[in-house]
Amino acid sequence: MKENNESMTDYEKEGYLSIWLCNTASQDVLFQYLEIEYEDEDEDIEDDSIEFEMGRDFNISWYDEDFFEASHKGDMRGWDLLKGHSRMENIMPLLEQGYQDVLNDTYNSVIIFYNFKYDGNVKEVNSNQYGYFKFLGSFEFNF
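A brief look at the structure comes next. (Residues numbered from 1 in each chain as written. Predicted model: local features only at pLDDT ≥ 70, side-chain atom pairs only at ≥ 80, totals over all residues. Heavy atoms only, no water.)

## Topic: the packing of aromatic side chains
- Tallied over the entire structure, the rule returns 18 aromatic pairs.
- A centroid spacing of 5.3 Å and a plane angle of 45° characterise the contact between Trp20 and Tyr118, whose relative ring orientation is tilted. Separated by 98 residues along the polypeptide, Trp20 in strand 1 (residues 12-23) and Tyr118 in the loop between strand 5 (106-116) and strand 6 (124-127) bring together distant segments of the chain. For the residue pair Trp20 and Tyr118, the accessibility class agrees, reading buried in each case.
- When the centroid spacing of 6.3 Å and the interplanar angle of 70° are considered together, the rings of Phe68 and Phe113 count as edge-to-face. With Phe68 in strand 4 (residues 68-77) and Phe113 in strand 5, this residue pair connects regions lying 45 residues apart in the sequence.
- A relative accessible area of 1% places Phe113 in the buried class.
- Grouping aromatic residues by their ring pairs yields a cluster made of Tyr11, Trp20, Phe31, Phe52, Phe58, Tyr63, Phe68, Phe113, Phe116, Tyr118 and Phe135. (Phe/Tyr/Trp six-rings, centres within 6.5 Å; stacked < 30°, edge-to-face > 60°. Helix = DSSP H or I, 4+ residues; strand = E, 2+ residues; numbered from the N terminus. Buried < 20%, exposed > 50% of the residue type's maximum accessible area, 1.4 Å probe, protein only.)

Below, the structure written as structure tokens:
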């Protein structure tokens with residue numbers, strides 16, 4: 001886990017989505033990993049970043065809580081975890097071209113940030129407290 005956020009970045013980018021495939025103990029643990037820690041109103045936020053555990057691990061300063069999906073479904077292939085999530089029909093052809101091995105592995109959770117283009121500077125995190133998180137990629141999607 002990162003102790004500071006000196007190199008955190010805002011990856012907001014309209015028309016893109018970023019996907020992580022994960023193994024967590026429960027849906028509660030998954031959402032704890034994503035939970036934003038808001039500052040008190042009296043405290044100044046020095047660099048416009050809002051801390052959350054996933055942000056510390058992946059050097060992400062912020063995500064829009066209105067534009068993300070996360071689910072914990074039980075052990076299944078990555079392909080099956082993605083089914084039913086928004087915009088997946090638009091990116092499945094891209095995933096079929098270059099991500100077969102990763103998507104054939106077994107996971108139990110998925111995180112998708114919309115209007116977000118993560119650069120993959122951290123590819124995966126294995127946390128004793130929260131679980132395993134693998135960045136799959138960032139993809140342009142059509143409305």
